[in-house]
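In case you want the letters, here they are:
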Amino acid sequence: MSSAQSLNIPPSSSTVQVSIIDTTFVARLPTGHFMGPAMKGFEKWTPVAYAFLIKHVDSSGEERSILFDLGTPKDLVNDFPPKVAERVKGMGLIIEAIIWSHAHIDHIGRPSLFPTTTKLIVGSGIKQAFFPGYHTATDSPILSREFAGREVTELSLAEFNLEIGGLKALDYFGDGSFYLLSALGHAIRHLNALARTTENTFIYLAGDSVHHLSGLRPHGTNHLPQSVPLPGRGHCCSGASFHAIHPLSDITTVPEHYHDPLDYPNSTPDTAPFFTVSQKPTGETLASNIDDARDTIKAVQRFDADENVFVVAAHDASVRGILDLFPNKANDWKLKGLKEKGRWLFLCDFEQALKVSRADEIRAPLPRKLIW
Ligand SMILES: [Zn+2]
């Protein structure tokens with residue numbers, strides 16, 4: 001069954017050019033803030049931040065370009081980095097719109113560096129929560145200059161009049177080349193997007209619906225492999241060696257409020273992700289709605305299960321070494337086999353966790369240093 005059928009993506013021969021922009025953000029952040037249950041030896045993870053340049057050309061040759069997210073501000077106190085704007089300016093592009101997947105500081109960049117003709121498009125509720133920005137709204141995390149003099153368009157729920165892969169969808173260019181998807185849970189009206197890279201292939205922009213890919217895979221379609229492939233370097237180890245650090249290997253060590261979200265007892269370490277969205281026993285969580293956030297992850301898994309859809313999460317450093325980054329286009333991902341090459345690279349982040357687990361079956365340490 002093709003993607004169009006299994007995910008209910010309307011057929012179209014219209015595509016967009018996708019460029020993945022590495023906004024050069026790198027950090028070490030506490031894993032438990034984002035994912036749970038806790039894994040010894042993986043107390044911190046290393047996110048990056050991608051922005052996406054989407055270029056559309058219609059049948060009359062008219063070009064339209066938009067940006068999906070802007071990445072992370074460099075100076076969290078005084079300013080945001082002009083890098084993305086500078087690079088795009090250098091290409092002579094006119095950006096008609098910036099779309100924020102959500103309004104967290106590692107996605108909003110600095111719209112005020114763009115001409116006021118560039119619209120800012122946000123999910124519903126964002127204006128109410130953040131407008132018109134600081135100083136006028138004293139508790140807004142966004143400076144008013146980022147909104148000032150600019151059309152800020154809030155997408156209404158009614159505009160999401162399609163359903164793709166179980167998510168409400170909006171056909172941005174009206175020709176099936178680029179869909180915005182309502183991907184609730186992580187933040188107010190969080191958005192994902194689906195870019196048609198060829199007639200039958202797609203890049204799925206997962207925003208912050210998934211942080212580290214160990215919260216997405218393995219799943220019902222992508223089981224842990226018998227041996228873990230490393231691109232160009234053969235195989236590093238058996239998939240089973242990761243059982244030692246999987247929460248479903250010993251459920252007695254896992255806090256009870258994680259049992260259901262990990263699909264215990266129906267799933268196994270081969271078929272369930274290592275993490276779900278983190279939550280304290282008291283219920284405290286980073287997500288704006290944890291049930292929605294977990295449902296959205298299931299939806300992203302449906303897209304991920306399709307060989308014609310390449311899922312890229314905003315902060316996934318594991319595939320950075322294999323992506324065709326801006327100014328190159330990422331449309332040839334399928335031809336280059338990037339989905340297969342990148343699928344299990346996130347496991348390399350578990351080297352320390354495996355050591356800590358003292359699993360006997362590990363034949364060799366994961367050669368992370370050889371990869372990057
Ligand atoms: Zn976020």
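Quick note: structure is the one above.
Just so it is clear, the structure is predicted and the values come from calculations on it, not from any experiment. (Residues numbered from 1 in each chain as written. Predicted model: local features only at pLDDT ≥ 70, side-chain atom pairs only at ≥ 80, totals over all residues. Heavy atoms only, no water.)

**Q** Tell me what's going on with the layout of surface pockets, and back it up with residues and numbers.
**A** The space that makes up the largest pocket amounts to roughly 440 Å³. In terms of lining, the largest pocket is formed by 19 residues, of which the most central are Ala38, Lys40, Ala244, Ile245 and Thr253. When the residues that make up the lining of the largest pocket are grouped by side-chain class, the tally is twelve nonpolar, four polar and three charged. In terms of domain composition, the lining of the largest pocket takes at least three residues from each of domain 1 (3-205) and domain 2 (213-308 + 334-371). (1 Å grid on protein atoms, 1.4 Å probe; cavity = no way out; pocket = protein on both sides within 12 Å on 5 of 7 lines; lining within 4 Å. Points joined across faces, edges and corners; volume = space filled by probe spheres on them. Nonpolar A, V, L, I, M, F, W, Y, C, P; charged D, E, K, R; others polar. Domains from an automatic or database assignment.)

**Q** Before we move on, can you summarise the coordination of the zinc ion with the specific residues and values?
**A** Here the zinc ion is held by His102 (NE2), His104 (ND1), His186 (NE2) and Asp208 (OD), and the distances to it run 2.1 to 2.3 Å. Considering all four donor atoms around the zinc ion, the spread of angles at the metal, 90 to 172°, places the coordination shape in the irregular class. One chain supplies every donor to the zinc ion, and in sequence these donors are spaced H-x1-H-x81-H-x21-D. Taken together, the positions of His186 in the loop between β12 (178-182) and β13 (191-198) and Asp208 in the loop between β14 (201-205) and β15 (227-229) put the pair 22 residues apart, joining distant regions of the chain. Per residue, the accessibility class of His186 equals that of Asp208, and both read buried. (Donors = N, O, S within 2.8 Å, 3.2 Å for Na, K, Ca; no water. Tetrahedral: all angles 85-135°; square planar, octahedral: opposite > 155°, others 65-115°. Helix = DSSP H or I, 4+ residues; strand = E, 2+ residues; numbered from the N terminus. Buried < 20%, exposed > 50% of the residue type's maximum accessible area, 1.4 Å probe, protein only.)

**Q** Please provide a residue-by-residue account of the pairing of β12, values included.
**A** The buried fraction of β12 amounts to five of the five residues, a majority that puts the element mostly inside the structure. Burial of the side chains of β12 extends over both faces: Phe178, Leu180 and Ser182 are buried on one face and Tyr179 and Leu181 on the other. In the sheet, strand β11 (residues 167-171) pairs with β12 via three bridges, with the strands oriented antiparallel. Counted as the bridge partner of Leu170 is Leu180 from β12. Connecting β11 to the next strand, β12, in antiparallel fashion are six residues, including Gly174 with a positive phi near 75°. The pairing of β12 with β13 spans five bridges and is classified as antiparallel. From the neighbouring strand, Leu181 faces β13, where its bridge partner is Asn192. (Pairing = 2+ DSSP bridges.)

**Q** A description of the packing of aromatic side chains should follow, citing residues and the corresponding values.
**A** Enumeration over the complete set of coordinates arrives at 16 aromatic pairs. Centroid distance Phe42 to Phe275: 5.9 Å. Interplanar angle 35°. Geometry classified as tilted. Taken together, the positions of Phe42 in the loop between β3 (35-36) and β4 (44-45) and Phe275 in the loop between β16 (235-238) and β17 (276-277) put the pair 233 residues apart, joining distant regions of the chain. Residue classification places Phe275 among the buried residues on the basis of a relative accessible area of 2%. Each member of the aromatic cluster is reached from another via a ring pair, and the members are Phe42, Phe274, Phe275, Trp344, Phe346 and Phe350. (Phe/Tyr/Trp six-rings, centres within 6.5 Å; stacked < 30°, edge-to-face > 60°.)

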